[in-house]
Amino acid sequence: MAEVSLKNLTKSYGATQILHGIDLKVEDGEFTVLVGPSGCGKSTTLRIIAGLEEASGGDVFIGDTRVNDIEPKNRDIAMVFQNYALYPHMNVYENMAFGLRLRKYSEQEIKERVEEAAEILSVEDYLYRRPKELSGGQRQRVAVGRAIVRKPAVFLFDEPLSNLDAKLRVQMRTQLKKLHAQLKTTMIYVTHDQVEAMTMGDRIVVMKDGYIMQADEPLKIYDKPDNHFVGSFIGSPAMNFFEAEVAENELVNKKFKLPIGADQNILLKNYLGKKVRLGLRPEHFQLTETPSRIPAKLEVSELMGNESYLYCTTGADSFIARVSDNVRRKTGDDLYLYTDPNSYHFFDLESGERIV
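Residues numbered from 1 in each chain as written. Predicted model: local features only at pLDDT ≥ 70, side-chain atom pairs only at ≥ 80, totals over all residues. Heavy atoms only, no water.

S.K.: Which parts of the structure should I look at to understand unusual backbone geometry?
M.R.: It is generally the case that most residues other than glycine have a negative phi and that most peptide bonds are trans. The residue after S236, namely P237, is reached through a cis peptide bond having omega -5°. Summarising the element assignment, P237 is placed in the loop between α8 (228–233) and β11 (240–247). For D76, which is not a glycine, the phi torsion comes out positive at approximately 60°. Locating D76 in the fold gives a position in the loop between β5 (65–66) and β6 (77–80). When its relative accessible area of 40% is taken as the criterion, D76 is described as partly exposed. Its identity is not glycine, yet E159 carries a phi of approximately 45°, on the positive side. Checked against the element boundaries, E159 lands in the loop between β7 (154–158) and α5 (166–183). (Helix = DSSP H or I, 4+ residues; strand = E, 2+ residues; numbered from the N terminus. Buried < 20%, exposed > 50% of the residue type's maximum accessible area, 1.4 Å probe, protein only.)

S.K.: What am I meant to see in the pairing of strand β14 (residues 275–280) here?
M.R.: In regular strands, side chains alternate between the two faces of the sheet. For β14, the buried fraction is high: five of the six residues fall into the buried class. Here β11 pairs with β14 via six bridges, running antiparallel. Bridging from a neighbouring strand, F242 pairs with L278 of β14. (Pairing = 2+ DSSP bridges.)

S.K.: Explain helix α4 (residues 136–148) to me, please; I cannot follow it from the model alone.
M.R.: Residue pairs three or four apart in sequence face the same way in an α-helix, which turns once every 3.6 residues. Taking 1.5 Å per residue as the helical rise, α4 with its 13 residues ought to reach 18 Å, and the 18 Å between its terminal C-alpha atoms agrees with that figure. α4 sits mainly inside the fold: 12 of its 13 residues count as buried. Among the residues making up α4, those that are buried are G136, G137, Q138, Q140, R141, V142, A143, V144, G145, R146, A147 and I148. As for α4, its buried residues are in contact with β6, α2 (92–102), α3 (107–120), β7 and α5. (Expected span 1.5 Å × (residues − 1). Contact = heavy atoms within 4.5 Å.)

Just distances and angles here, no functional claims.
Have a look at this one:
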């Protein structure tokens, strides 16, 4: 096991800069998830750690060793890819044993390691089948098993679940978390799916345009996003945003006024008479009969069993409310919604940074 440190990591392709001075430390035994939209640099960062891409600048350390100039095979890492990368002409046992044979392990040790990994991943009944005879989930477990047998210091996962259907993704998320708890090995996992990030990571690193926007525990990122982008990206459904002017004891939008308490008055004292961006999570809305709250026109209602997603508009703003309610409503219905002032998030309108 080992920690992974990135120091001022940059990557450019010609005049196009992909990574802008990434600084990150992944602790020994930590499950860290890199998440962000396509093109944010997360897979490039992972490939540089693996040695599959060369950094334009900065340093990569695994443990105390600077590995920039060390070949991928000598970095003591194992990588699991999105497309499984299994050899079609080999059975499961041979696929899992292949890397060990290249490293001249004895057949007895290879057998022990493969059988141990197969038992951990519940693929012992498939050891003599070929990849084409397996389901997508089984193939992905074999790909993970091929990494496990190496017993590396660091596991790297590059969107390994994106080819699976929704049910299998949930099952494999659970499997990988159990695997991490069992192996206690450093794992770095790349995904564009923020639900995967929230449910799997000990720590989440949110990236955008080659920069780290925020790195913290999942609930801290959810409850206190550092900026507008993180608030909008983390959460399903996403955080809603409204422009509002700060007045004494209230926020004033073109369509509604919301009360603020003493704490919010202190927080926003430098914004009195100015506009801020107000963030509201969908689950913090409640239906009310009070017209002085947020008036809304219902566009679409989705019944989810014990709750509903209400897609609404108020003036030019669209937003989603997630309410504990299973009453069927019609498009065009008039609604009023309330949200507790303690659930407000405030962001600077120009910089997008959280107001603290």
